[in-house]
Amino acid sequence: MHPVVLRASASLFLLGCWLTATAQQPGMARPDLVLAQTVEQMPRGERQQVRVLKAKFQPGDRTVFHSHRAPVTVYVLSGQFTLELEGRPTVRVDAGTAYVEPAHVRMTGFNRSATEPLEVVIFYVSDVDTPFLDPVSRAP
């Protein structure tokens, strides 16, 4: 089994044990699962860099047209995040939910609201010093 898969499996097992152990104890904090998804194209180097970013979009703001070299997880704190992914249906991610942006897919993210700001937390695991995103040109 690949070392990254083995580490991920062990982490999930330990999380499951911790959840079971703390589920019945009053006063013990317990995390709620927001998203569990199997992904492809995670970095496989000797070392990885974990980045957690926070972004705030004013009404009408958008990202550059871009792609990522590894999957990116977006958790929406407030507002609604709209993603237009090339060749795929538009995705809307509501507050309190998460979405995994696939690697190597060209996309743009939007705050489509005319009145409400959007705030997201972004989790990115990559090979060390890999750019967070790669700006790309739109097809003619």
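Here the structure is shown first, and the text comes after it.
The structure contained in this document is the topic of the report that follows. (Residues numbered from 1 in each chain as written. Predicted model: local features only at pLDDT ≥ 70, side-chain atom pairs only at ≥ 80, totals over all residues. Heavy atoms only, no water.)

Of all 10 residues in strand β8 (residues 118-127), 7 are buried; the element is thus mostly enclosed. Taken together, the 10 bridges between strand β1 (residues 48-57) and β8 define a ladder with antiparallel strand orientation. Counted as the bridge partner of Val-50 is Val-125 from β8. As defined by bridge partners, strand β3 (residues 72-78) adjoins β8 across 6 bridges and the pair is classed as antiparallel. Residue pairing in the sheet places Ser-78 in a bridge with Glu-119 of β8. (Buried < 20%, exposed > 50% of the residue type's maximum accessible area, 1.4 Å probe, protein only. Helix = DSSP H or I, 4+ residues; strand = E, 2+ residues; numbered from the N terminus. Pairing = 2+ DSSP bridges.)

Let us now look at the sheet that holds β1. Strand order in the open sheet made by the 4 strands is β1-β8-β3-β6, with antiparallel pairing throughout. Edge strands, defined here as strands with exactly one partner in the open sheet, are β1 and β6 (98-101). Put simply, the sheet's adjacent strands are angled 20° from each other on average, direction ignored. (Axes fitted to C-alpha atoms, helices over the stretch in contact; angles between N-to-C directions.)

If you look at the biggest cluster of nonpolar residues, it comprises 16 residues, and the most contacted ones within it are Val-74, Val-76, Phe-81, Leu-83, Leu-85, Leu-118 and Val-120. Mapped onto this core, the elements with two or more residues apiece are β3, β4 (80-85), β5 (91-94) and β8. Those residues in contact with Val-76, other than ones at most four positions away along the chain, are Phe-81, Val-93, Asp-94, Ala-95, Gly-96, Thr-97, Leu-118, Glu-119 and Val-120. (Core = buried A, V, L, I, M, F, W, Y, C linked by side-chain atoms within 4.5 Å. Contact = heavy atoms within 4.5 Å.)

Another aspect to go through is the pairing of β5. Here β5 shows one buried face, formed by Val-91 and Val-93, and one open face, formed by Arg-92 and Asp-94. Taken together, the 4 bridges between β4 and β5 define a ladder with antiparallel strand orientation. If you follow Phe-81 over to β5, its bridge partner there is Val-93. Hairpin connection, β4 to β5: the antiparallel pair is bridged by 5 residues, and Gly-87 has positive phi, about 80°.

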